[in-house]
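For reference, the chains in residue letters:
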Amino acid sequence: MSSVKLEQIRKDFGSTSIIKGVDLEIPHGEFAVFVGPSGCGKSTLLRMVAGLETPTSGNIFLGERRINDVPAKNRNVSMVFQSYALYPHMTVERNMGFGLMIAKTAPDMIRSKVEAAAKILGLDKLLTRLPRELSGGQRQRVAMGRAMVRNPEVFLFDEPLSNLDAKLRVQMRTEIRALHQRLGTTSIYVTHDQVEAMTMADRIVVLRDGLVEQIGSPTELYDRPVNTFVAAFIGSPSMNLLPGTVTSGAIAFGEGSRLALGGQQRAQDGDKLTIGVRPEDFRVVQAGAPGSLAAEVKVTEFTGADTQLVCTANGQEVIVVLHQRVSAQVGDKLGLIVEGESMHLFDTASGKRLG
Amino acid sequence: MKKLLDKFLFAVMVLMVVAPAVSVFLWMLSLSLKNEVDTLAYPPALIPSAPTLDNFIAVFNGGPFFSYFLNSVIVSGAATLIAIAVGVPAGYGITRMKARKMLLTIMIARMTPAISFLIPLFTVFQAIGLTGTLAPIIVTHMVITLPITVYIVAGYFETLPRELEEAATMDGCSVWQSFRHVALPLARPGIMVAAILAFIFSWNNFVFGAVLAGRETRTLPVAIYNVLTFEQIAWGPLAAAALLVTLPVLILTLFIQKEIVGGLTAGGVKGS
Amino acid sequence: MSNLNSPADQPPRSLLARLLPSRLSPYVWFIVPALVVLMAIIIFPWGFTLWMSLFDWKIGSAATFIGLGNYADLVHDTRFLEAIFHTLYFTALAVILPLIFGTFAALIFNHKFPLRGLLRGMFLLPMMATPVAISLVWTMMFHPQQGVLNYLLSLVGIAPSEWVYSSALAIPCLVLVDVWQWSPLVMLIVLGGLASLPSDPFEAARLEGASTWQVFRHITFPMVLPFIMVAAVVRLIDALKTFDTIYVITQGGPGTASETINLYLYLQAFSFYQIGKASAVVVVFFVLVVALSLMLFWLRERSKWSDA
């Protein structure tokens, strides 16, 4: 019904290629998050679905309909802008009802729809205010109300929470999620914040340099990142990536530092591999214990629930997160071990996951 | 103590700057209120000994002043209205199309002395035989009103965030609807400023009327120029006439002086 | 990232837009009416002027094609050459002096003081007032016997002057009027620039112990110079075009002492009705304006301290 499909989408601006070939499909009702570093093309993709940009080549489908040639105003798709883009000279009520008015909806219909949406979003007392009289969070909600009221087939969000302070951001995340559960509309949400992606998405699309790196549920991306980029991008603090060479069943990082490889890893001696270990997957043992990585504590951070240790091992920075109180001091020497299943192996040259 | 001295010096400097500007107008007022005796008196005094409104009465009686006033109103009003009707969408279109070439045409218009347009236009109007009406004067005044309208209005539209219009597009607006419901209301202050400035500069214009107008179709600046004689010193009525001609403009200026400070500087710094 | 209507690459098109050849932006309709008017009142007259300049044409008689004959005549026309000299003399003074006074005024108005808004508004009046009206008042002020200016001179013990009745003083007197009238415009432009300057450099300088004059000389002035240059270009173009004031106060006299190119042009066209010759003058004048403006533009580029 209102699924979105991108087929071989390419986008060039002059001689620069922003989107280099993207294929993806978002089924009806899914909350998909496009995430990636600045310049990866996520906003451009979103705007192409909106109709504000045209693909240089490729097809966009809304349901069964190919919408490449349908102008933005006719696509029945709503967008929430990063800066909200509320009409400064209109009241909240007129802002929300504007699209319906353009569509020549009857005034009573407009009023009832606006009031219904306002109620859901907690805006019913603010209908006569102007945007400049509202707080950031309120403006955000008006922007969403404006998008909701037309009952579009797809919601598009372009980094809507970037301009809010941290606390408000967390609150709005939950609200948007709740709204989605209530309305069930297919949604595409663009952000550079992987925490937002992880907490809000049904599925995440990780983009880099105009290409899709991986598509999957948050769990899939977390547990089985498909390359070092996704591995380091998803998860905070980032996954530790330690390049080394395979020597007799373990990975050697030089100067005798080695970590035992788990049994199921089938790697050849001499292979250059990068180990990925999430900070919380380390176990701390005595320095020098067999099969452990020698590390020295540089900084300790105590977050209340966890202890975070920033260590150096073999000249590299390694972050360890322990879900308990540990009395580690700066300068302490420890050994780090990883359980086999928690170890991710990547080919150092290509960055791709092995096994 | 030094602070007081500084403040005093500053006040003196302010006075030095503003006084010359204002004093000419005060003198104009003074001359217009003087009867013949005061006018010829030496030394000339700022405050007339016997202020009188006779000069103003003489202006109204001496010629069809109201008719000239009306001519000016019609000419400048029409030239401004047409400039707005045509120039506001143009200013919008230029910023959205990033059409710098139009602005170049406007620059050329600004660089050319007004008389240059008069010569061909005058020739054409003569050939068509329209020289007796206000129409050619209105058309020529558009040389003044249109460029400045487009320039100022374009500046205002430039500051409109594109996201607002994208939101309007997503809300289903066509290009025209987006202009009408979003861009236009938000540019209203700019349009007002442009209109007032265009009106003022059109009102002040002398040369177009001087060439194109006949007896009945003169605008005010032309009319009062013809009052000037060098033999007699009929200064009272002359000063009164001058005051009456420029008073509307002065009032309009004080009205929008804040916007002028904003509007002209934006155009001045950005463009020429 | 928003390029809603970049020329070769647009979103899919609405009905109105499809009425046009597909390469044209839908915004073209917004410009068309203005374009029509501009063609009629600016572009066409310009073309016509260029064409007329190639003819020997007096209104009422037939036109004879003489190619560049008018231009050749101008080269030998002493009156025209003198007019050029008068114009440059007038313009040089009418650009530099308002720049000085206007900048000074801008510095003053950049400070906050009570009644600043009102006083600034009053300072603006000269440039907005009807030039003809103002010029008439100045004419009365310049009058050697009854004019107030000579009276003021006598108060400070200076002998009365002939003002505009003297060939040598005619142009300086006109410059005086021009300075009075247009310093406010310079003030506006420079003030806009001053207001946009970041305050940090000034605060840093003060902390380092700079005196007011030093702050002005080493920080304010260089930073405000680009804006002064903008004002200079604006003044240059306006000063070259000055007509009303000169026409009303001196009519280009005494004799031809204050006859600028503009006055000469008016004479040729509307007193002698030699529109062929006048058109040639227009072209030459335009070239002069453009040349001088380009020179100032170049100077302005060199004075910029930021990418503003």
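What counts as what
- Residues numbered from 1 in each chain as written.
- Chains lettered and ligands numbered in written order.
- Predicted model: local features only at pLDDT ≥ 70, side-chain atom pairs only at ≥ 80, totals over all residues.
- Helix = DSSP H or I, 4+ residues; strand = E, 2+ residues; numbered from the N terminus.
- Buried ≥ 20, exposed ≤ 12 C-beta atoms within 10 Å, placed from the backbone.
- Contact = placed C-beta atoms within 7 Å.
- Nonpolar A, V, L, I, M, F, W, Y, C, P; charged D, E, K, R; others polar.
- Domains from an automatic or database assignment.
- Core = buried A, V, L, I, M, F, W, Y, C linked by C-beta atoms within 7 Å.
- Expected span 1.5 Å × (residues − 1).
- Pairing = 2+ DSSP bridges.
- Axes fitted to C-alpha atoms, helices over the stretch in contact; angles between N-to-C directions.
- pLDDT = per-residue confidence, 0-100.

Asks: It is not clear to me how the overall build of chain A should be interpreted in this structure. Could you clarify?
Replies: What chain A contains, in helices and strands, is eight helices and 20 strands. The principal-axis extent of the C-alpha atoms belonging to chain A is close to 75 × 45 × 35 Å. In chain A, which comprises 355 residues, the proportion classed as buried is 39%. For chain A, contacts bridging at least 24 residues in sequence account for 65% of all contacts bridging at least 6.

Asks: I would appreciate a short explanation of unusual backbone geometry in the present structure.
Replies: Glycine aside, residues mostly have negative phi, and peptide bonds are mostly found in the trans state. Residue and element names in this part refer to chain A. Each neighbour pair has its own omega, and for Ser236 with Pro237 the value is 0°, a cis peptide bond. Position of Pro237 relative to the elements: it lies in the loop between α8 (228-233) and β11 (240-247). You will see that Asn76, though not glycine, has its phi angle at about 60°, which is positive. Mapped onto the secondary structure, Asn76 falls in the loop between β5 (65-66) and β6 (77-80). The partly exposed category is assigned to Asn76, around which 16 C-beta atoms lie within 10 Å. Of note, the phi angle at Ala85 is positive, near 50°, even though the residue is not glycine. Since 26 C-beta atoms lie within 10 Å of it, Ala85 is described here as buried.

Asks: I would appreciate a short explanation of the interface of chain C and chain B in the present structure.
Replies: It is common to give the size of an interface as the accessible area that goes away when the parts come together. Taken residue by residue, the interface counts 76 residues in chain C and 81 residues in chain B. Of the residues forming the side of chain C that touches chain B, the biggest block, 14 residues, is contributed by helix α2 (residues 28-52) of chain C. Looking at the side of chain C that touches chain B residue by residue, the class counts come to 60 nonpolar, 13 polar and three charged.

Asks: Please explain the domain arrangement of chain C as it appears in this structure.
Replies: Residue and element names in this part refer to chain C. Looking at chain C, the domain boundaries give domain 1 (25-70) and domain 2 (71-302). For domain 1 and domain 2, the distance between their C-alpha centres works out to 30 Å. Contacts between the two partners involve 14 residues from domain 1 and, on the opposite side, 13 residues from domain 2. For the side of domain 1 that touches domain 2, the secondary-structure elements that each account for two or more residues are α2, β1 (55-57) and α3 (69-76). Residues of the side of domain 1 that touches domain 2, tallied by class, amount to seven nonpolar, five polar and two charged.

Asks: For this particular structure, what's the right way to read the nonpolar core?
Replies: The tendency in soluble globular proteins is for nonpolar side chains to be buried as a group. In this structure, Val49(A), Ala242(B) and Val137(C) are the most contacted members of the largest nonpolar core, which totals 270 residues. Ranked by the residues each element gives to this core, the list is headed by helix α8 (residues 167-196) of chain C, at 16 residues. Look past the residues within four positions of Ala242(B) in its chain and what remains in contact with it is Met28(B), Ile224(B), Ala133(C), Leu136(C) and Val137(C).

Asks: When you look at helix α5 (residues 116-128) of chain C in this model, what are you seeing that I'm missing?
Replies: Residues lying three or four places apart along an α-helix face the same way, a consequence of the helix completing one turn every 3.6 residues. With 13 residues, α5(C) extends 19 Å from end C-alpha to end C-alpha; this agrees with the ideal 18 Å at 1.5 Å per step. Taken together, the buried positions of α5(C) are Arg120(C), Gly121(C), Met122(C), Phe123(C), Leu124(C), Leu125(C), Pro126(C), Met127(C) and Met128(C).

Asks: Would you mind showing me how to read the environment of Thr105(A) here?
Replies: Here Thr105(A) is to be found in the loop between α2 (92-102) and α3 (107-121). Beyond its immediate chain neighbours, meaning those up to four positions away, Thr105(A) contacts Leu100(A) and Ile110(A).

Asks: When you look at the sheet that holds strand β7 (residues 154-158) of chain A in this model, what are you seeing that I'm missing?
Replies: Working definition: the strands of a sheet are paired by backbone hydrogen bonds and lie parallel or antiparallel to each other. All names here are of chain A. Within the open sheet, the six strands sit side by side as β6-β7-β8-β3-β9-β10. Their pairing is mixed. What marks the edges here is a single partner per strand, and that holds for β6 and β10 (211-216). Here the average twist between neighbouring strands, direction ignored, is 20°. For strand β9 (residues 203-208) and β10, the ladder comprises five bridges, and the chain directions are antiparallel. Across the sheet, Leu207 pairs through a bridge with Val212, a residue of β10. Of the strands in this sheet, β3 (31-35), β6, β7, β8 (186-191) and β9 are in contact with helix α1 (residues 42-50), which crosses β7 at around 150°.

Asks: Quick question: what am I supposed to make of the sheet that holds strand β1 (residues 4-13) of chain A here?
Replies: Strands sit in the order β2-β1-β4-β5 (chain A) across an open sheet of four strands; the sheet is antiparallel. Of all strands in the sheet, those with a lone pairing partner are β2 (16-26) and β5 of chain A, marking the two edges.

Asks: I keep staring at the domain arrangement of chain A and nothing clicks. Help me out?
Replies: All names here are of chain A. Under the domain assignment used here, chain A contains domain 1 (4-233) and domain 2 (240-347). Each of domain 1 and domain 2 was reduced to a C-alpha centroid, and the two centroids are 40 Å apart. Here the residues of the side of domain 1 that touches domain 2 sort into three nonpolar, two polar and no charged.

Asks: It is not clear to me how the confidence of the model for chain C should be interpreted in this structure. Could you clarify?
Replies: Residues shown with low pLDDT carry predicted positions that ought not to be read at fine detail. All names here are of chain C. Mean pLDDT for chain C: 83, with 90% of residues reaching 70 or above. The spread of mean pLDDT over the elements of chain C runs between helix α1 (residues 15-18), the lowest at 56, and helix α4 (residues 78-109), the highest at 92. Note on residues 1-9: pLDDT is under 50 here. Beyond four places in sequence and across chains, it has 14 contacts.

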